Amino acid sequence: MAVQKPSIPKGTRDFSPEEMARRNYIFDTIKSVFYRFGYRQIETPAMENLSSLLGKYGEEGDKLLFKVLNSGDFLSGTASQDFQEGNLNKLSMQLCEKGLRYDLTVPFARYVVQNQGNIVFPFKRFQIQPVWRADRPQKGRYREFYQCDADVVGSDSLLNEAELVQIVEQVFSALGVAVTLKINNRKILSGMAELIGEASKVTDLTVAIDKLDKIGIEKVKEELMERGFTRDAILRLEPVLALSGTDYEKLGKLEVLFAGNETGLKGVAEVRTLLDYLEALGVKLSYVLDLTLARGLNYYTGAIFEVKAHDVEIGSISGGGRYDNLTGVFGQPGLSGVGISFGADRIYDVLNQLQGFPEDRLQGSRILFVNFGEKEALCAMKMIRRVREAGISAEMYPDPAKLKKQMGYADSRKIPYVAVIGEEEMEKQMITLKDMTTGTQSMVSPEELIQTLTL
RNA sequence: GUGGAUGUAGCUCAGCUGGUUAGAGCGCUAGAUUGUGGCUCUAGAGGUCGCCGGUUCGAUCCCGGUCUUUCACCCCA
């Protein structure tokens, strides 16, 4: 067979032991916060039925779904006419009935409806799994990446939102990353659309104004024109976007503008309540009401969140919001949910740039036992059993290689201690223990060895 | 999906506006040091110059295509 160059698909990555140690540090930190807030873990399959996925993420989202080709005779049921005419949508539905999950929220909604008989509401679950998007990769954007989601369904209370903000606070304070949480509300955005007489174009409006701080007001106006907004509508929008002051001041001004605008006023009231909660709770996280924050996923109906890291140029590292009827499309209407999602891969990139990983906690074995040959190795293995029973990670060099080589192995693996058991040590029932950081070594008893390593 | 860059040793990169043997640093292997890592010195291994095709007496270099990586846009974590 011809030798082929090893490679992996575009936008995917391998993770080395060092990278996994760092990734697990992130996962463990997030997980422990989730547990602390009473969330419990579930997992769902990598593949969902395509019908569960399609139509949940908007037109763009549908295009980014990875579809899985049917097994067996996947051409049966297709018509050659469709191939000739290039009816891609129809064909893809016939060729693929499964797709890789695009996020964790929609599979969760499916899970909730499918298992509604066994779920006690309100249901708090978290989920840490990879998701896949057929996007063109670039900085901080991969085709396979991990999300860490915590969601509550079956409760309308804004206390849930307040809890999610605290989760964000605790996760990033534990990781030592300075961030700002942007808060907005989809009802405010709907109110804006209504206010300017373009109620049917909420999505177009949000996509455009989301770019405000990036491209400036003039470009946003241009884009709105392109998206078919009237000059008059844009004129009326401008003062809303220009609202300034503290969060509460902005809310006050909005309230005046929204007079008689039911949806808009409801959004203002929700944000006000949330801000009140956060203040009463003494939340130290930096947060701000950002009226231009939109977020693309079109299933959000209430609060929306997005987290930006300070000091690092990267897209949002976390986001979420409330969705009132995601379970409705699966046949269980009236269940409101709210959740937050942490982008583990981007958080990794941020911590990497900030050199924020606690390297000392991320290593492997604490001690390496040198291999001098069959008899000595067996004796060392016995000692290793005792060391491991004491809860210390230990390993032996599996081959009787030159001592220099074994030492070099310990050095490159950053193993802090090396134990040498040769003929002399076997006779005396002692171990030569070398401290690799200081370079000193001494003869110790098995008990002393364990004691040294336990410190 | 649109537009721009990129690909030479395991890694980071040189390579003269197309010429005979493609280099460096780091890493790796061995030795100096047969029971002691890091530092030093010595030697060595390692390349179909991303892949396919074209132009040419001759291509790592020029042209076309393709794939990879990467940047911006769209969109998004």
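Use the structure listed above.
Below you will find a few notes about this structure. (Residues numbered from 1 in each chain as written. Chains lettered and ligands numbered in written order. Predicted model: local features only at pLDDT ≥ 70, side-chain atom pairs only at ≥ 80, totals over all residues. Heavy atoms only, no water.)

## Digging into the packing of aromatic side chains
Working definition: an aromatic ring pair is given by the centre-to-centre distance plus the angle between the planes.
No. 1: Per the counting criterion, the structure on display carries 14 aromatic pairs.
No. 2: Ring centres of Phe108 and Phe123 lie 5.9 Å apart, and the angle between their planes is 35°; on these two criteria the pair is classed as tilted. Of the two residues, Phe108 is situated in helix H6 (residues 105-114) and Phe123 in strand E5 (residues 123-132); the sequence distance between them amounts to 15 residues.
No. 3: Pairing Tyr299 with Tyr323 gives two aromatic rings, centres 5.9 Å apart and planes at 80°, and the pair type is edge-to-face. (Phe/Tyr/Trp six-rings, centres within 6.5 Å; stacked < 30°, edge-to-face > 60°. Helix = DSSP H or I, 4+ residues; strand = E, 2+ residues; numbered from the N terminus.)

## Concerning the sheet that holds strand E12 (residues 367-369)
No. 1: Overall, mixed pairing links the five strands, which are arranged E13-E12-E14-E15-E16 in an open sheet. The open sheet terminates on both sides in strands that have one partner only, identified here as strand E13 (394-396) and strand E16 (441-444). Across this sheet, the average inter-strand angle for adjacent strands is 25°, counted without regard to direction.
No. 2: Bridge count for strand E15 (residues 431-435) against E16 is four bridges, and the pairing is antiparallel. Directly across from Lys434, in E16, lies its bridge partner Gln441.
No. 3: The strands that helix H15 (residues 374-389) touches are E12, E13 and E15; relative to E13, the one it contacts most, it runs at about 170°.
No. 4: Where helix H18 (residues 446-454) meets the sheet, its contacts fall on E12, strand E14 (417-420), E15 and E16, and the angle it forms with E15 comes to roughly 20°. (Pairing = 2+ DSSP bridges. Axes fitted to C-alpha atoms, helices over the stretch in contact; angles between N-to-C directions. Contact = heavy atoms within 4.5 Å.)

## A closer look at the side chain of Glu270
No. 1: Of note, Glu270 is situated in helix H13 (residues 262-280).
No. 2: A relative accessible area of 12% places Glu270 in the buried class. (Buried < 20%, exposed > 50% of the residue type's maximum accessible area, 1.4 Å probe, protein only.)

## Quick notes on the pattern of salt bridges
No. 1: This model, assessed by the stated rule, comprises 23 salt bridges.
No. 2: A salt bridge links Asp345 to Arg13, with the shortest nitrogen-to-oxygen separation between them at 2.6 Å. Of this pair, Asp345 sits in helix H14 (residues 344-354) while Arg13 sits in the segment before helix H1 (17-36); the two residues are 332 residues apart in sequence, bridging distant segments of the chain.
No. 3: On the accessibility criterion, Arg13 (23% relative accessible area) is partly exposed. (Salt bridge = Lys/Arg side-chain N within 4 Å of Asp/Glu carboxyl O.)

## Re unusual backbone geometry
No. 1: Note that the residue after Phe121, namely Pro122, is joined by a cis bond; omega there is -5°.
No. 2: By the secondary structure assignment, Pro122 is in the loop between H6 and E5.
No. 3: Even without a glycine there, the phi angle at Asp311 is positive, about 65°.
No. 4: With respect to the helices and strands, the residue Asp311 is situated in the loop between strand E9 (303-309) and strand E10 (318-323).
No. 5: When its relative accessible area of 69% is taken as the criterion, Asp311 is described as exposed.
No. 6: Phi at Gln429 takes a positive value of approximately 60°, unusual for a residue other than glycine.
No. 7: Note that Gln429 resides in the loop between helix H17 (423-428) and E15.

## Regarding the environment of Leu254
No. 1: Structurally, Leu254 is set in helix H12 (residues 247-257).
No. 2: The exposure class of Leu254 is buried, given its relative accessible area of 0%.
No. 3: In this structure, the C-alpha to C-alpha distance between Leu254 and Met192, residues 62 residues apart in sequence, is 9.3 Å.
No. 4: Beyond its immediate sequence surroundings of up to four residues, Leu254 is in contact with Ile188, Val240, Leu243, Val268 and Leu291.

## Brief notes about the environment of Ile209
No. 1: Note that Ile209 resides in helix H9 (residues 202-209).
No. 2: Considered as a pair, Ile209 and Thr292 are 83 residues apart in the sequence and their alpha carbons are 5.5 Å apart.
No. 3: The contacts of Ile209, once residues within four sequence positions are left out, are Leu189, Met192, Val220, Leu237, Leu241, Leu291 and Thr292.

## Some points on a nonpolar patch on the surface
No. 1: A cluster of nonpolar side chains, namely Leu69, Phe74, Leu75 and Phe83, defines an oily patch on the protein surface of about 350 Å² accessible area.
No. 2: By relative accessible area, Leu69 is classed as partly exposed at 44%. (Patch = residues over 30% accessible without salt bridge, like charges linked within 9 Å, V, L, I, M, F, W, Y side chains within 5 Å. Areas by Shrake-Rupley, 256 points an atom, 1.4 Å probe, with all protein chains shown as cover.)

## Overview of the packing of H1 against helix H7 (residues 159-175)
When two helices pack together, their arrangement is given by the angle between their axes and by how far apart the axes lie.
No. 1: For the pair H1 and H7, the least separation of the axes is 10 Å and the interaxial angle reads 145°. Two packed elements cross with a definite hand, and for H1 against H7 that hand is right-handed. Contact residues: H1 offers Tyr25, Ile26, Thr29, Ile30, Val33, Phe34 and Arg36, while H7 offers Ile167, Gln170, Val171, Ala174 and Leu175.
No. 2: Of the residues that constitute the contact of H1 with H7, the class distribution is nine nonpolar, two polar and one charged. (Left-handed = near helix turned anticlockwise from the far one by under 90°. Nonpolar A, V, L, I, M, F, W, Y, C, P; charged D, E, K, R; others polar.)

## A short note on the nonpolar core
No. 1: In terms of nonpolar packing, the biggest core is built from 92 residues, with Phe172, Met192 and Phe342 touching the most fellow members.
No. 2: Ranked by residue count, the leading element in this core is H7, at eight residues.
No. 3: The residues that make up this core include at least three from each of domain 1 (12-173 + 310-355) and domain 2 (179-293).
No. 4: Contacts of Phe172, omitting those with residues within four sequence positions, involve Val177, Val179, Val307, Ile317, Ser318, Phe342 and Ile347.
No. 5: In this structure, Phe369, Ile384, Ile392 and Ala419 belong to the second largest nonpolar core, which totals 19 residues. (Core = buried A, V, L, I, M, F, W, Y, C linked by side-chain atoms within 4.5 Å. Domains from an automatic or database assignment.)

## Quick look at the environment of Cys148
No. 1: Along the chain, the position of Cys148 falls in strand E6 (residues 144-153).
No. 2: Spatially, the C-alpha atom of Cys148 lies 38 Å from that of Val418, the residues being 270 residues apart in sequence.
No. 3: Those residues within four positions of Cys148 in sequence are excluded, and the remaining contacts are Phe27, Ile30, Phe34, Gln127, Ile128, Ile340, Ser341, Phe342 and Ala344.

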